[in-house]
Protein chains: 2
Amino acid sequence: MQKKITIIGAGLVGSLSAIYLAKRGYLVNVYERRQDARKTNIYAGRSINLALSDRGWLALEKTGISADIKQIAIPMYGRQLHYADSSQAFYAYGKNDQAIYSVSRGTLNMRLLDLADAFDNVTLHFEHKAKSMDLAAGTVLIEHEGNDTLTHSDLVLCTDGAYSTGRMGMQLGMEQFNYNQFYIDCGYKELTIPAGANGSYLVEKEALHIWPRGKYMMIALPNLDGSFTCTLFFPFEGAPSFNSLQTREQVTQFFNEQFADAVAIMPELVDEYMRNHNSPLVTIKCAPWTMHDKFALMGDAAHALVPFFGQGMNCGFEDVRVFDELIDKHNENFTEVLKEYQTLRKPDADAIADMALNNFREMSELSADPMFQLQKKIEININAKYPEVWIPAYSLVTFSPQVRYSEALQRGQQQQRIMDTILQQPNISTHWDSNEIVEQAVAMLQAN
Amino acid sequence: MQKKITIIGAGLVGSLSAIYLAKRGYLVNVYERRQDARKTNIYAGRSINLALSDRGWLALEKTGISADIKQIAIPMYGRQLHYADSSQAFYAYGKNDQAIYSVSRGTLNMRLLDLADAFDNVTLHFEHKAKSMDLAAGTVLIEHEGNDTLTHSDLVLCTDGAYSTGRMGMQLGMEQFNYNQFYIDCGYKELTIPAGANGSYLVEKEALHIWPRGKYMMIALPNLDGSFTCTLFFPFEGAPSFNSLQTREQVTQFFNEQFADAVAIMPELVDEYMRNHNSPLVTIKCAPWTMHDKFALMGDAAHALVPFFGQGMNCGFEDVRVFDELIDKHNENFTEVLKEYQTLRKPDADAIADMALNNFREMSELSADPMFQLQKKIEININAKYPEVWIPAYSLVTFSPQVRYSEALQRGQQQQRIMDTILQQPNISTHWDSNEIVEQAVAMLQAN
């Protein structure tokens with residue numbers, strides 16, 4: 001009999017999982033609380049950019065849609081650092097053509113919805129709100145225009161994001177549900193570098209721009225139209241902070257001091273700063289992710305991450321790919337699929353959640369630190385000579401989807417211990433590019 | 001103008017805070033979801049015992065009710081350890097008359113309700129459920145017999161326990177609320193040692209009995225009627241566990257092997273084991289605890305602890321005492337009171353939550369470990385000679401209410417580091433009671 005699947009949430013992970021499950025011939029119903037993003041621009045005034053990297057691409061490729069998505073993605077081959085004195089430096093992310101890709105969340109979501117909608121066995125229901133679920137029975141109570149309907153299915157996937165209704169149902173309805181939501185002291189605000197004449201890019205197009213300033217930073221990702229979406233990551237309290245910068249004068253003075261090169265190409269800066277919302281940044285961890293043989297959390301609903309490793313969407317897409325592989329492995333026995341899905345993915349999501357929290361320091365503080373830059377250069381040397389042996393943690397996470405996040409975390413910690421020892425050598429600043437240093441690091445790694 | 005106070009929850013912390021605030025002449029309304037425990041025994045079939053220690057007593061004393069409560073409390077001067085071979089050992093908790101006190105949760109709650117009810121300016125509303133709150137306005141929507149009423153007040157104290165409605169309101173209604181609920185792998189089940197002839201006690205009355213068995217343990221606390229309430233702390237899964245002991249035969253065999261001396265005086269053991277619920281054990285941490293100038297979480301609603309340090313109620317009572325002292329300090333300015341209440345109490349609650357988790361190991365695993373017993377003996381020696389300098393962490397938490405939990409945690413960690421060094425000395429097992437060891441430990445402490 002054709003299996004019936006209910007997906008709650010038609011965001012990035014919900015629509016990708018609809019595509020995967022539709023390809024299996026299942027009958028898929030997707031319920032989304034909001035309006036159809038393709039008809040009414042719910043992203044109006046918000047241009048959220050995401051960095052799609054190899055884990056995301058692999059999940060798109062496995063279901064045959066990576067070429068569709070490549071059309072709306074811009075490669076970024078490295079970090080373009082902008083210092084306070086307006087000098088700049090470029091650090092490649094990896095070798096040659098290794099890149100992460102800037103995509104607009106809204107554009108990507110609409111493309112995925114179109115691809116899902118093209119299947120006869122997928123029905124997208126917008127403005128349908130999941131009010132409650134019976135986790136054991138696999139039923140969901142759906143509200144639409146004031147009417148409630150109870151849906152029955154063989155599997156309920158909850159892909160409704162960080163503020164998931166399904167997860168809240170588990171928190172309220174289960175006797176033992178571990179749950180942790182943790183806000184960092186820092187929030188974000190979106191700003192814009194507009195396109196130049198004829199859609200030209202006013203700073204390097206194929207880079208992720210960072211203005212690292214220790215306790216805070218600004219980043220910028222390219223859009224297809226020549227503009228860049230900038231994000232200011234900034235403390236809520238203290239000085240400087242969102243709280244300390246309230247007036248137009250304060251904003252102007254602060255940006256002139258700290259981001260002079262950007263101010264010159266951000267004509268709407270002060271208006272945008274005053275108008276745009278300050279958004280919080282949350283990490284969410286929970287367990288279990290699955291209930292009985294019918295219910296699973298996926299994507300941000302299971303594991304919301306802070307954005308500093310650019311892995312939130314990639315991790316969610318990887319959930320979908322792994323889940324699909326497990327359906328093959330367990331021959332459509334959903335009880336077994338759900339069990340192994342949780343066993344495999346929970347430690348990986350925990351690992352990338354922790355790495356994402358740590359990476360704020362890497363981006364905002366260490367990028368401005370000469371020792372950090374030296375470490376990066378040494379690691380590039382080691383990696384060039386021993387490309388299969390020493391792969392930096394950033395590369396493992398970003399460009400090595402065959403390596404689990406939990407393994408990347410462990411290997412990264414091991415490498416960091418080795419680099420800490422090497423960076424303490426007295427003459428390292430003159431000696432850093434010697435072959436001896438490379439051999440020493442690799443010997444330490446292999447001795448472990 | 002007379003200040004109006006709304007208290008949600010008429011449990012231990014709710015009724016004690018009603019007494020404190022009534023003494024100030026405030027108009028106090030207490031809303032409790034359940035029936036009046038004094039009229040219908042909601043504790044029927046559950047005989048939960050708590051250990052009241054000096055922090056709890058201090059809070060009772062400061063509002064003049066400790067003598068009332070002493071009548072229903074049984075002192076326990078130490079731990080009576082019961083080993084698997086049925087041998088026993090007694091370890092005093094502290095010096096001379098230092099004791100913790102066994103009280104029945106139900107009896108204590110009823111006594112506190114009577115004491116609160118005696119005030120003209122306190123009204124207790126049972127079967128009144130707080131449905132929702134407007135945290136900024138300080139209003140609470142109360143449901144009683146199907147009717148909703150909106151209460152207005154100057155202060156709302158949420159003392160409705162680990163599954164607090166008020167805290168859930170903050171989780172759902174605030175933009176940045178940090179929240180962590182964490183279940184350990186172990187749960188508990190209550191059992192009974194009945195009274196002997198004429199209400200006699202079948203094991204030592206004035207002790208907390210522990211059957212330490214490594215990954216699990218049983219404890220027993222005395223009741224006024226000669227019986228003991230036993231609690232089996234046991235893993236949910238694995239072997240042995242609640243899951244592995246399902247049949248009457250399995251239970252009988254296991255208890256005969258592990259708790260032979262107890263089995264002999266527990267005639268209802270197997271029936272109770274089969275009938276009684278396995279309850280989970282949760283730690284809850286959250287922040288903030290207060291909102292605007294009108295709303296505060298208190299007791300388990302703010303900080304649920306596992307029971308292994310016997311501090312859940314004591315910590316809640318200390319919240320009430322500190323809150324009351326801050327009302328004096330800030331001259332009834334609730335904005336300032338709430339601010340300092342949170343600043344003071346949050347780190348202390350975090351500290352005791354962590355110490356409570358660690359103490360499971362101390363009670364269940366280390367109590368059976370000869371090195372642990374040696375450490376205890378050495379610490380008693382040091383403390384006897386330097387009673388003001390070396391106070392064991394257990395004593396700081398239990399018998400030193402002037403020392404904050406957060407300070408007790410730090411001092412305990414420092415002492416543990418010193419004892420770790422001392423216990424590593426090769427001849428420690430013969431040498432442990434020398435004066436040299438005492439002087440060495442104190443010198444290390446003072447060198448820090």
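What you are looking at is a predicted structure, and each value in this text was computed from that prediction instead of being measured.

### Here's the deal with the interface of chain A and chain B
Between chain A and chain B, the residue contacts involve 17 residues of the former and 17 residues of the latter. For the chain A and chain B pair, buried surface summed over both sides reaches about 1,500 Å², with 41% attributable to carbon and sulfur atoms. When the area that chain A buries against chain B is broken down by residue, the three leading residues are E175(A), Q176(A) and Q181(A), summing to 33%. Taken together, the links from chain A to chain B amount to 0 salt bridges. Broken down by secondary-structure element, the contributors of at least two residues to the side of chain A that touches chain B are α5 (165-173) and β13 (178-183) of chain A. Looking at which element gives the most residues to the side of chain A that touches chain B, the answer is β13(A), with 6 residues. For the side of chain A that touches chain B, the per-class residue count stands at 9 nonpolar, 7 polar and 1 charged. Bridging between β13(A) and strand β13 (residues 178-193) of chain B involves 3 bridges; their strand directions are antiparallel. Each residue of the ladder has a partner; that of Q181(A), found in β13(B), is Y179(B).

### Examining helix α9 (residues 312-329) of chain A
All names here are of chain A. Between the first and last C-alpha of α9 there are 26 Å, a value that for 18 residues agrees with the 26 Å anticipated at 1.5 Å per step. With 14 of 18 residues buried, α9 lies mostly within the body of the structure. The positive-phi residue at the C-terminal boundary of α9 is N331, with phi of around 55°.

### Things to note about the sheet that holds strand β11 (residues 147-152) of chain A
Residues and elements named next belong to chain A. Across the sheet, 3 strands lie side by side as β9-β10-β11; this open sheet has antiparallel pairing. Every interior strand has two partners, whereas the edge strands, β9 (129-134) and β11, have only one. When strand polarity is set aside, the average angle formed by the axes of neighbouring strands in this sheet is 25°. As defined by bridge partners, β9 adjoins strand β10 (residues 139-144) across 5 bridges and the pair is classed as antiparallel. Its bridge partner being in β10, D134 is matched across the sheet by T139.

### Topic: the packing of helix α11 (residues 370-385) of chain A against helix α13 (residues 405-423) of chain A
Residue and element names in this part refer to chain A. Where α11 contacts α13, the two axes come as close as 11 Å, and the packing angle between them is 115°. Taken together, α11 and α13 sit at an angle that is classed as roughly perpendicular. In this structure, the crossing between α11 and α13 has a hand that is right-handed. Across the interface between the two elements, M371, L374, Q375, I378, E379 and I382 from α11 touch Q415, Q416, M419 and L423 from α13. Considered class by class, the residues forming the contact of α11 with α13 number 6 nonpolar, 3 polar and 1 charged.

Quick notes on the rules
Residues numbered from 1 in each chain as written. Chains lettered and ligands numbered in written order. Predicted model: local features only at pLDDT ≥ 70, side-chain atom pairs only at ≥ 80, totals over all residues. Heavy atoms only, no water. Contact = heavy atoms within 4.5 Å. Buried area = accessible area lost by both parts, 1.4 Å probe. Salt bridge = Lys/Arg side-chain N within 4 Å of Asp/Glu carboxyl O. Helix = DSSP H or I, 4+ residues; strand = E, 2+ residues; numbered from the N terminus. Nonpolar A, V, L, I, M, F, W, Y, C, P; charged D, E, K, R; others polar. Pairing = 2+ DSSP bridges. Expected span 1.5 Å × (residues − 1). Buried < 20%, exposed > 50% of the residue type's maximum accessible area, 1.4 Å probe, protein only. Axes fitted to C-alpha atoms, helices over the stretch in contact; angles between N-to-C directions. Parallel < 35°, antiparallel > 145°, perpendicular 65-115°, else oblique. Left-handed = near helix turned anticlockwise from the far one by under 90°.

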